[in-house]
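Summary of structural features
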Amino acid sequence: MSKLSNFIKGVILPEDVDKERRKKILGDGIIDTWKNDEKERKLKEAKDLAKETYKNARSSVPSKNH
């Protein structure tokens, strides 16, 4: 299934979307909403990756007290 059809199935179908989301899609347009969602998803993934990298870096640094 293509990204667009996944987007339509997961985001626009009435049983899956609340009224605010539908208004946003109708007001901003499908493409703009899709691009904004993709940006938000990439930002969240980057934050999660940064947290995991930081956590791994902290756990690999030896303690000075030991």
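Residues numbered from 1 in each chain as written. Predicted model: local features only at pLDDT ≥ 70, side-chain atom pairs only at ≥ 80, totals over all residues. Heavy atoms only, no water.

Quick notes on the overall build of the protein
Across its full length, the protein holds 3 helices and 0 strands. For the protein, the α and β elements follow one another from N to C terminus as α-α-α. When each of the 66 residues of the protein is scored for burial, the buried share is 11%. (Helix = DSSP H or I, 4+ residues; strand = E, 2+ residues; numbered from the N terminus. Buried < 20%, exposed > 50% of the residue type's maximum accessible area, 1.4 Å probe, protein only.)

Things to note about the pattern of salt bridges
Enumeration over the complete set of coordinates arrives at 2 salt bridges. Ionic pairing is found between Asp48 and Lys44, a salt bridge with its closest N-O pair at 4.0 Å. Separated by 4 residues within a single helix, Asp48 and Lys44 lie in helix α3 (residues 30–60), roughly one turn from each other. (Salt bridge = Lys/Arg side-chain N within 4 Å of Asp/Glu carboxyl O.)

Notes on the packing of helix α2 (residues 19–28) against α3
Packing of α2 against α3 brings their axes to within 6 Å, and their N-to-C directions diverge by 115 degrees. Where α2 abuts α3, its residues Arg21, Lys24, Ile25 and Asp28 lie against Ile30, Asp32, Thr33 and Asp37. (Axes fitted to C-alpha atoms, helices over the stretch in contact; angles between N-to-C directions. Contact = heavy atoms within 4.5 Å.)

Side note on the confidence of the model for the protein
When pLDDT is averaged along the protein, the result is 77; 74% of the residues meet or exceed 70. For the protein, per-element mean pLDDT is lowest for helix α1 (residues 3–12), which scores 69, and highest for α3, which scores 88. (pLDDT = per-residue confidence, 0-100.)

Some points on a nonpolar patch on the surface
A contiguous nonpolar patch, built from Leu4, Ile30 and Ile31 and spanning about 230 Å² of accessible area, is present on the exposed surface. Taking relative accessible area as the criterion, Leu4 reaches 35% and is therefore assigned partly exposed. (Patch = residues over 30% accessible without salt bridge, like charges linked within 9 Å, V, L, I, M, F, W, Y side chains within 5 Å. Areas by Shrake-Rupley, 256 points an atom, 1.4 Å probe, with all protein chains shown as cover.)

Section: the environment of Ser59
Tracing the sequence through the fold places Ser59 in helix α3. A distance of 3.0 Å separates a polar atom in the side chain of Ser59 from the backbone oxygen of Asn56. (Polar contact = N/O pair within 3.5 Å; in protein donor to acceptor, adjacent residues only side chain to side chain.)

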